[in-house]
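Commentary on secondary and tertiary structure
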Amino acid sequence: MFTFKYMDMFISHQLIEKPMEADSEGFRLHYHENCIEVYVFLGGSARMKVENRLKVLENRDLAVIMPYEMHEVEILEDVPYEYMVCRLPVTFVPEMISDRLKRLGTFFVWEPKIVFLDRMDDYYNQYREEGDSDVMLYLGLSSWLASILFYLARNDAPSDAAESENILVSDIKKYVEENLARRITVQDLAEKFHRSPSYIEKQFLAVTGESVMTYVRKKRLNLAEFLIKNKTRPSDVAKHLGYTDYASFYRAYVSVKGVPPAGKKINDPQECNAAVEEDAACGERAEKAEEEQKCGDGVDSSPNTRQ
């Protein structure tokens, strides 16, 4: 077992004896901005969620997680959990390879040909015993990781006929992920990518199984869920994601997540409307209290106002 971090690369092989008692980043919904993650499940009882893809993990399942993809691991039983995670900066992976991996999906079948992962610990320990520098270890590990990604992309590459269509969809997804706080419409995408709106809709639906705007809304609300879980106030999240009023954000969140930002499940429409108004009022009261506090602090700190 080891952890190696150098510059913008991170590799870790871990065994957690009591995973349900552990506080690990991988157990919480999160994403990475500028790296590709290779995750290998080596033992235990868990399932992984990457965006809307969910898989109960089996020994030596391998997942490739792209930048901005929301993901988490859920422990199912409190038995020893072993895994390996490797993160490489996107700049280290040729764009052609990363584009192909995006089109292939997330989960891959383990193949004996990928011997690198079996030898990772031995390779790391050998370098340490021989006293080689972190630079040499970084170069060696980076090369091996890049070769794994190349192998996966090359051996499962889609047909040439589907490739150009999928590249367009990948480009649209990337644009959406980088502009979630901005207004996005199918017309905007059509103008940016020089296609007709109907062509954009048709290709996106054929490749992903969902409409463009459904995808945009899902990505926004996945990010909203992540921010709220990390203690950002729902009203601030709504503003950050470009919603003009809290009620619109609230209803969109409930329709996709099944629960409101506060967490309690709501089924009755009247109850939902009441909850919207209550949440909005709470948000307004909190903002007003903050403003009053700022004003109060300003008065107290001024020497001219002291008696």
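Residues numbered from 1 in each chain as written. Predicted model: local features only at pLDDT ≥ 70, side-chain atom pairs only at ≥ 80, totals over all residues. Heavy atoms only, no water.

**Here's the deal with the overall build of the protein**
Within the protein, the regular secondary structure consists of 10 helices and 9 strands. Classification of the 307 residues of the protein by burial places 42% in the buried group. Per element, the accessible surface of the protein, about 16,800 Å² overall, is 50% carbon and sulfur. (Helix = DSSP H or I, 4+ residues; strand = E, 2+ residues; numbered from the N terminus. Buried < 20%, exposed > 50% of the residue type's maximum accessible area, 1.4 Å probe, protein only. Areas by Shrake-Rupley, 256 points an atom, 1.4 Å probe, with all protein chains shown as cover.)

**Observations concerning the sheet that holds strand E8 (residues 81-89)**
Across the sheet, 6 strands lie side by side as E1-E2-E8-E3-E6-E9; this open sheet has antiparallel pairing. Each edge of the sheet is formed by a strand with only one pairing partner; in this case those strands are strand E1 (2-6) and strand E9 (107-108). Against the sheet, helix H2 (residues 120-129) makes contact with E1, strand E2 (9-16) and E8, and its axis sits at roughly 65° relative to E1, the strand it touches most. (Pairing = 2+ DSSP bridges. Contact = heavy atoms within 4.5 Å. Axes fitted to C-alpha atoms, helices over the stretch in contact; angles between N-to-C directions.)

**Side note on the packing of helix H7 (residues 212-229) against helix H9 (residues 246-257)**
Two measures define how a pair of helices packs: the angle their axes make with one another and the distance between the axes. At a minimum axis distance of 10 Å, the contact between H7 and H9 shows a crossing angle of 95°. Relative to H9, the element H7 lies roughly perpendicular. Across the interface between the two elements, Arg217, Leu221, Asn222, Ala224, Glu225 and Ile228 from H7 touch Phe249, Ala252, Tyr253, Ser255, Val256 and Lys257 from H9. Classifying every residue of the contact of H7 with H9 by side-chain character gives 7 nonpolar, 2 polar and 3 charged. (Parallel < 35°, antiparallel > 145°, perpendicular 65-115°, else oblique. Nonpolar A, V, L, I, M, F, W, Y, C, P; charged D, E, K, R; others polar.)

**Section: the packing of aromatic side chains**
Applying the stated criterion across every chain, the model contains 13 aromatic pairs. An angle of 20° between the planes, with centres 6.4 Å apart, marks the rings of phenylalanine 4 and tyrosine 6 as stacked. Under the relative-accessibility criterion, tyrosine 6 is labelled partly exposed at 21%. An aromatic cluster is present here, built from Tyr243, Tyr246, Phe249, Tyr250 and Tyr253 joined pairwise through their rings. One residue, lysine 192, lies across the ring of phenylalanine 193, its end atom 5.8 Å from the ring centre. (Phe/Tyr/Trp six-rings, centres within 6.5 Å; stacked < 30°, edge-to-face > 60°. Lys NZ or Arg CZ within 6 Å of the ring centre and 35° of its normal.)

**Points about H7**
The end-to-end C-alpha distance of H7, which contains 18 residues, comes to 26 Å, matching closely the 26 Å that a straight helix rising 1.5 Å per residue would cover. In terms of burial, H7 is largely enclosed, as 14 of its 18 residues are buried. Of the residues trailing H7, lysine 231 is marked for its positive phi of about 75°. (Expected span 1.5 Å × (residues − 1).)

**Comments concerning the side chain of aspartate 61**
Along the chain, the position of aspartate 61 falls in the loop between strand E5 (53-56) and strand E6 (62-65). A polar contact of 2.7 Å, which involves the side chain of aspartate 61, links it to the backbone nitrogen of glutamate 58. What aspartate 61 contacts, discounting residues up to four positions off in sequence, is Tyr39, Val40, Phe41, Lys55, Val56 and Phe108. (Polar contact = N/O pair within 3.5 Å; in protein donor to acceptor, adjacent residues only side chain to side chain.)

**With respect to the environment of valine 64**
Checked against the element boundaries, valine 64 lands in strand E6. Under the relative-accessibility criterion, valine 64 is labelled buried at 2%. Through-space distance from the C-alpha of valine 64 to that of valine 40 is 9.0 Å; in sequence the pair is 24 residues apart. Apart from residues no more than four positions distant in its own chain, valine 64 is found in contact with Ile36, Glu37, Glu69, Leu101, Gly105, Thr106, Phe108, Leu149 and Leu152.

**Here's the deal with the pairing of E5**
Bridge count between strand E4 (residues 46-50) and E5: 4 bridges; the pairing is antiparallel. Within the sheet, the bridge partner assigned to lysine 49 lies in E5 and is leucine 54.

**Considering the layout of surface pockets**
Each pocket or cavity is described by its volume, and for the largest pocket that value is around 800 Å³. Surrounding the largest pocket, 35 residues form its lining, Met66, Lys102, Ser170, Lys173 and Glu177 being those nearest its centre. Mapped onto the lining of the largest pocket, the elements with two or more residues apiece are helix H1 (95-104), helix H4 (160-178), helix H6 (197-208) and H7. Counting residues per element, the lining of the largest pocket draws most heavily on H4, at 8 residues. Of the residues contributing to the lining of the largest pocket, the split by class is 10 nonpolar, 9 polar and 16 charged. (1 Å grid on protein atoms, 1.4 Å probe; cavity = no way out; pocket = protein on both sides within 12 Å on 5 of 7 lines; lining within 4 Å. Points joined across faces, edges and corners; volume = space filled by probe spheres on them.)

**Section: a nonpolar patch on the surface**
A grouping of Val135, Met136 and Leu139 is seen on the molecular surface, where their side chains present a nonpolar patch of about 250 Å² in accessible area. By relative accessible area, which is 39% here, valine 135 ends up partly exposed. (Patch = residues over 30% accessible without salt bridge, like charges linked within 9 Å, V, L, I, M, F, W, Y side chains within 5 Å. Salt bridge = Lys/Arg side-chain N within 4 Å of Asp/Glu carboxyl O.)

**Quick notes on the sheet that holds E4**
Across the sheet, 3 strands lie side by side as E5-E4-E7; this open sheet has antiparallel pairing. Each edge of the open sheet carries a strand with a single partner, namely E5 and strand E7 (71-75). Averaged over all neighbouring strand pairs, the angle between strand axes comes to 15°, with direction disregarded.

**Description of the pattern of salt bridges**
The full count for this structure, using the stated rule, is 11 salt bridges. Taking the shortest distance from any N to any O, the salt bridge between lysine 218 and glutamate 210 comes out at 3.0 Å. In the salt-bridge network here, residues are joined through shared partners; they are Glu51, Glu177 and Lys219.

**Examining the packing of helix H5 (residues 186-193) against H6**
At a minimum axis separation of 8 Å, H5 and H6 run at an interaxial angle of 100°. By the angle between their axes, H5 is roughly perpendicular relative to H6. Across the interface between the two elements, Val186, Gln187, Leu189, Ala190 and Phe193 from H5 touch Pro197, Ile200 and Glu201 from H6. In terms of residue class, the contact of H5 with H6 is made up of 6 nonpolar, 1 polar and 1 charged.

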